[in-house]
Amino acid sequence: MTMPGAGPEPGPQQTIAYPSRLPGAERSAGGDTARASLASLRTEVAKAVVGQDAVVTGLVIALLCRGHVLLEGVPGVAKTLLVRTMATALSMDFKRVQFTPDLMPGDVTGSLVYDAKTSEFEFHEGPVFTNLLLADEINRTPPKTQAALLEAMEERQVSVEGAARMLPDPFIVAATQNPIEYEGTYQLPEAQLDRFLLKLTVPLPSREQEIAVLERHALGFDPRDLSQIKAVTSADDLAVGRAAVAQVHVGPEVLGYAVDIARATRQSPSLRMGVSPRGATALLAASRAWAWLSGRGYVTPDDIKALALPALRHRIQLRPEAELEGATPDGVLDGILTAVPVPR
Ligand SMILES: Nc1ncnc2c1ncn2[C@@H]1O[C@H](COP(=O)(O)OP(=O)(O)O)[C@@H](O)[C@H]1O
Ligand SMILES: [Mg+2]
């Protein structure tokens, strides 16, 4: 993600007036202290994790948008370490669940347990009752357990025996999966993938980065001990950030651009399924958060471009022929971004 320059100045009659938007709020982003504190997460996470900046930014965007993220990468690229470090730096409650073939829905959400002393059933909260849940290797568990997690993600509550129990706020799920070649038996259904705001790829490190990882270990870095990571931001900063993102202005030409990208995916000959309006909405929400993180009070077409791949790559389906010819979701989206006219 690159830092875009200044975009076009929106005129008053061209603007969409959100009810909460203050007059003149188009230019300045607001919430400077909160932004600085969220930005310092990067430096803090970098004390443990070498590289992977884009993943940290993606998680911050998801927190601002109340969204969830899917992290895709081979084992051993620091997915777990990164999410654990983030939780520490955010001073948030953190839980990790390893999704195995025998994991039951109640192992995620919690269940009623009989108490012989009182002769009553009592609800024991599952690991989903946390702020940041790392759902590791989500595709190794059967659909029933996946569905229980995805329902909690969507509803932000757990229903047991007719009683709804609210999950904490913030509540964000970072689910990991291995790339296609390594995939287990239970691929997430398309409709459920749509519930993730972003899909972030966690790449292998460069040679220099990998050397830096080894150097840290040689100097005694222990990934189990995160005591040198400080809490640099708080739920208050996040609340201020969310309020500021809600004030970020979106001009009609930017809305039109996001929709044109979504429509182009539906017409692409390489795709058998394009992006739904929900996907277009997700792209816009993530772009707004990114605009605010970049210090701007308005969204530019470059913000939309920067977020198009992470917001859309898991919402499209390649045609088998295209797949055989070597097409990839990212490649198809890159082509669409090149073809769709950018407003100026
Ligand atoms: N980019 C990195 N920065 C720091 N340590 C790394 C990095 N990549 C791998 N490691 C090391 O490899 C270990 C395995 O990472 P882990 O978080 O368990 O990977 P994953 O969850 O992706 O399988 C880490 O604990 C750390 O020691
Ligand atoms: Mg892991």
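Thresholds, definitions, all that
Residues numbered from 1 in each chain as written. Chains lettered and ligands numbered in written order. Predicted model: local features only at pLDDT ≥ 70, side-chain atom pairs only at ≥ 80, totals over all residues. Near = placed C-beta within 6 Å. Nonpolar A, V, L, I, M, F, W, Y, C, P; charged D, E, K, R; others polar. Helix = DSSP H or I, 4+ residues; strand = E, 2+ residues; numbered from the N terminus. Expected span 1.5 Å × (residues − 1). Buried ≥ 20, exposed ≤ 12 C-beta atoms within 10 Å, placed from the backbone. Contact = placed C-beta atoms within 7 Å. Core = buried A, V, L, I, M, F, W, Y, C linked by C-beta atoms within 7 Å. Domains from an automatic or database assignment.

Student: How should I be thinking about the site of ligand 1 in this particular structure?
Tutor: In the region of ligand 1, 15 residues are neighbours, and Ala78, Lys79, Thr80, Leu81 and Pro223 sit closest. In the shell around ligand 1, the residues fall into 9 nonpolar, 5 polar and 1 charged.

Student: Would you mind going over helix H7 (residues 207-218) with me for this structure?
Tutor: In an α-helix, one full turn covers 3.6 residues, which means residues spaced three or four apart are oriented alike. In this model, H7 (12 residues) spans 16 Å end to end at C-alpha, consistent with the 16 Å of a helix rising 1.5 Å per residue. Note on H7: the residue one or two positions beyond its end, Gly220, has a positive phi of about 100°.

Student: I would appreciate a short explanation of helix H11 (residues 301-312) in the present structure.
Tutor: Between its first and last C-alpha atoms H11 spans 16 Å; for 12 residues at 1.5 Å apiece the expected length is 16 Å, and the two agree. Most of H11 sits out of view: 10 of its 12 residues are buried. Of the residues making up H11, those classed as buried are Pro301, Asp302, Asp303, Ile304, Ala306, Leu307, Ala308, Pro310, Ala311 and Leu312. On its buried face, H11 is in contact with helix H2 (53-65), strand S9 (198-201), helix H9 (252-267), helix H10 (277-293) and helix H13 (329-339).

Student: Hey, could you run me through unusual backbone geometry in this one?
Tutor: Excluding glycine, residues mostly have negative phi values, and the peptide bonds linking residues are mostly trans. With an omega of 0°, the peptide bond between Asp169 and Pro170 qualifies as cis. Among the structural elements, Pro170 can be located in the loop between strand S7 (163-166) and strand S8 (172-177). Although it is not a glycine, Gln52 sits at a positive phi angle of roughly 60°. Along the chain, Gln52 falls in the loop between helix H1 (32-46) and H2. On the basis of neighbour counts, which here come to 24 C-beta atoms within 10 Å, the residue Gln52 falls in the buried class. Notably, Ala78 is not glycine yet its phi reads approximately 80°, a positive angle. Mapped onto the elements of the fold, Ala78 is located in the loop between strand S1 (69-72) and helix H3 (79-89). For Ala78, a count of 21 C-beta atoms within 10 Å puts it in the buried group.

Student: Which parts of the structure should I look at to understand the nonpolar core?
Tutor: Side chains that are nonpolar tend, in soluble globular proteins, to be buried together. By size, the foremost hydrophobic cluster in this structure holds 91 residues, and its most contacted members are Val69, Met86, Ala174, Leu283, Ala286 and Ala289. Among the elements that line this core, the one with the most residues is H10, at 11 residues. Counting residues domain by domain, this core receives three or more from each of domain 1 (15-30 + 247-344) and domain 2 (43-233). Excluding its chain neighbours within four sequence positions, the residues that come into contact with Ala286 are Ile61, Cys65, Leu197, Leu198, Leu307 and Ala311.

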